Amino acid sequence: MVRHQMDMSGEKKGLKLSVLDQSPVPAGSEPSDALRNSIELARRVDELGFTRFWMSEHHAMDTLACTAPEVVLARIGAETKRIRIGSGGIMLPHYTPLKVAEVFRTLYALYPDRVDLGIGRAPGGGPTEMLALRRSRKAPMEDDFPDQVTELLAFLEDEFPVEHPFSRVKAMPAPPLHDGYKGPAVWMLGSSMWSSAAAVEFGLPYAFAHFFSPVKTRDAIEAYTRNFRPGIRLAQPEATVAVGVICAETEEEAEYLASSVRLLQARIRLGDRRPVSAPDDALRELRAMGPVSMEEGEWPRYFVGTAVKVKERLEEMASELGIGELIVNTIVWDQAKRLRSYELIAREFALR
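Residues numbered from 1 in each chain as written. Predicted model: local features only at pLDDT ≥ 70, side-chain atom pairs only at ≥ 80, totals over all residues. Heavy atoms only, no water.

1. Structural notes on the nonpolar core
Counting residues in each nonpolar core, the largest one holds 74 residues, and the members touching the most others are Phe50 and Met188. Sorting elements by how many residues they give to this core places helix α5 (residues 145-157) first, with seven residues. Not counting residues within four places of it along the chain, the set of residues in contact with phenylalanine 50 comprises Leu17, Ser18, Val19, Val45, Arg82, Ile83, Tyr342, Ile345, Ala346 and Leu351. In terms of nonpolar packing, the next biggest core, distinct from the first, is built from twelve residues, Leu264, Tyr302, Ile331 and Val332 among them. (Core = buried A, V, L, I, M, F, W, Y, C linked by side-chain atoms within 4.5 Å. Buried < 20%, exposed > 50% of the residue type's maximum accessible area, 1.4 Å probe, protein only. Helix = DSSP H or I, 4+ residues; strand = E, 2+ residues; numbered from the N terminus. Contact = heavy atoms within 4.5 Å.)

2. Describing the packing of aromatic side chains
If you walk through the whole model with that rule in mind, you get ten aromatic pairs. When the centroid spacing of 5.9 Å and the interplanar angle of 85° are considered together, the rings of phenylalanine 160 and phenylalanine 166 count as edge-to-face. Here the aromatic residues Tyr206, Phe208, Tyr224 and Phe228 are joined through ring pairs into a cluster of three or more. Directly above the aromatic system of tryptophan 194 lies the positively charged group of arginine 121, at a separation of 3.9 Å from the ring centroid. The lysine or arginine in question, lysine 311, covers the ring of phenylalanine 349, its NZ or CZ lying 5.3 Å from the ring centre. (Phe/Tyr/Trp six-rings, centres within 6.5 Å; stacked < 30°, edge-to-face > 60°. Lys NZ or Arg CZ within 6 Å of the ring centre and 35° of its normal.)

3. Considering the side chain of lysine 311
With respect to the helices and strands, the residue lysine 311 is situated in helix α10 (residues 307-321). Of the residues examined, lysine 311 reaches a relative accessible area of 19% and is grouped as buried. Beyond its immediate chain neighbours, meaning those up to four positions away, lysine 311 contacts Ile345, Glu348 and Phe349.

4. Comments concerning the confidence of the model for the protein chain
Considering every residue of the protein chain, the mean pLDDT works out to 92; 94% of them sit at 70 or more. Counted against residues more than four places away or in other chains, residues 1-12, with its pLDDT under 50, gives 19 contacts. (pLDDT = per-residue confidence, 0-100.)

5. Things to note about the pattern of salt bridges
Using the criterion set out here, one finds 28 salt bridges in the structure. Ionic pairing is found between aspartate 272 and arginine 267, a salt bridge with its closest N-O pair at 4.0 Å. Taken individually, aspartate 272 and arginine 267 each receive the classification buried, so the pair is uniform in this respect. Here the residues in one salt-bridge network are Arg44, Glu47, Glu249, Arg340 and Glu343, joined through shared partners. (Salt bridge = Lys/Arg side-chain N within 4 Å of Asp/Glu carboxyl O.)

6. With respect to helix α3 (residues 97-110)
Along its 14 residues, α3 runs 20 Å from first to last C-alpha, staying within 8% of the 20 Å computed at 1.5 Å per residue. What α3 keeps buried is the set Pro97, Val100, Ala101, Phe104, Arg105, Leu107 and Tyr108. Angularly, the buried residues of α3 cover 160° about the axis, an arc narrow enough to put them on a single face. Facing away from the buried surface of α3 by more than 90 degrees, the exposed residues are Ala109 and Leu110. In this structure, the buried side of α3 is in contact with α2 (69-79), β5 (84-91), β6 (115-120) and α5. (Expected span 1.5 Å × (residues − 1). Arc of directions from axis to C-beta.)

7. Examining the packing of helix α7 (residues 217-227) against α10
In contact at an axis separation of 10 Å, α7 and α10 are set at 45° when each is read in the N-to-C sense. Viewed along their axes, α7 and α10 adopt a mutual orientation that is oblique. Where α7 abuts α10, its residues Thr217, Arg218, Ile221 and Glu222 lie against Met317, Glu320 and Leu321. For the contact of α7 with α10, the residue count by class is three nonpolar, one polar and three charged. (Axes fitted to C-alpha atoms, helices over the stretch in contact; angles between N-to-C directions. Parallel < 35°, antiparallel > 145°, perpendicular 65-115°, else oblique. Nonpolar A, V, L, I, M, F, W, Y, C, P; charged D, E, K, R; others polar.)

Written as C-alpha cells, this is what we have:
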C-alpha cells in the first residue's frame, strides 16, 4: 500500500513526478535537434504538471547533447511557466564554486523560486574527457569535493567567516534585500553510499540515480533518511530517486520502444557511445550482440509498460523507500513517442 505524504493540514498528497532530461540524440538526427527536443519536452511537462525539469551534464558523447545544462536551462526557463528547472547535475570538480554560484544566482534572478542546483562528483565522461576539462594538468587532480561543496554553500548563503579571505567576495548577481530570499535549492546527487553520506553531512536534499546504478538504491536512501539530522537547510530529510520509464498504449509497444535504451545501456558498458538507435535497428543489434552482463538491483533501471502497470510499480517503489517524489528519465528514438510516454504517465497519476 502506498504511504502518501501528508501536508501540514493533514491532507494526503500523491506521489510527485519530475523529469531528468539528457538530450538524447536519435540516430539520423543532429545534436541541435536533440536540444530542440529538450525544449519541446520541457514545455509539455510544464503543462502536464510535473514538479521539476532537470538537465544532466555529459561530455564528448555522441549519445547525449547536453554538455552545458546551465545554458539550456536559461532558455527553458523562458519557455516554461511554473515547473522548477535545474541541473541533474553540475559536475562540481570541473568548476570553481564561485563560478557555479554566480551561474545559478543568475538563473535564480531570471526565474525566482524555480531553480534547483543539483551537484555531483562524477566526471560526466571518461578519463580522457576529465583530463581535457581540467585547467591544470601538471599534477594529479585532488579530490577536494567536500571542500568545494562547503565553499559553494558559503557563496550561495553569504556565510563565510569574517576572517576568511573570501568573506568580501560576493557571488553576483546579489540577492534581493527583502526577507524571504531562498536562492537556488542545492541538491546532492549520486549513485553510491558516499553521496548518501555527503548529503547527510551537508544537510542537503538527496537524489539517487537509480537508472544509472540500481544496486545500492535502497541502502543509500535508507542510510540518508536514518542518519539525517535537522539543520539550517532542511528540517527533515528530502530524497528522490531517478528512474527510467517508458510508457505506451500497450505492453508490446512499450517493450518495442525500450529496445533502443536497452541497446544504449549495453553499448555504454562496451565503451560505445553512438546515438540512440531506432527500435528495429536496436532489436537486430541486440540479437547479434547476445547476452550483456548488467548490474541489477531490487527494481529495474527502466519501468516499461502501460501507464497503469508502470504507475503501480512506481508507487510500490516509492512506498518501499518512503519517498514522495520520483524523477522520470525517458529515452526512446522517436520524440513523439517520448512525449506520449510522459503524457500517459502524467494522466495516470492525475498530475494536473
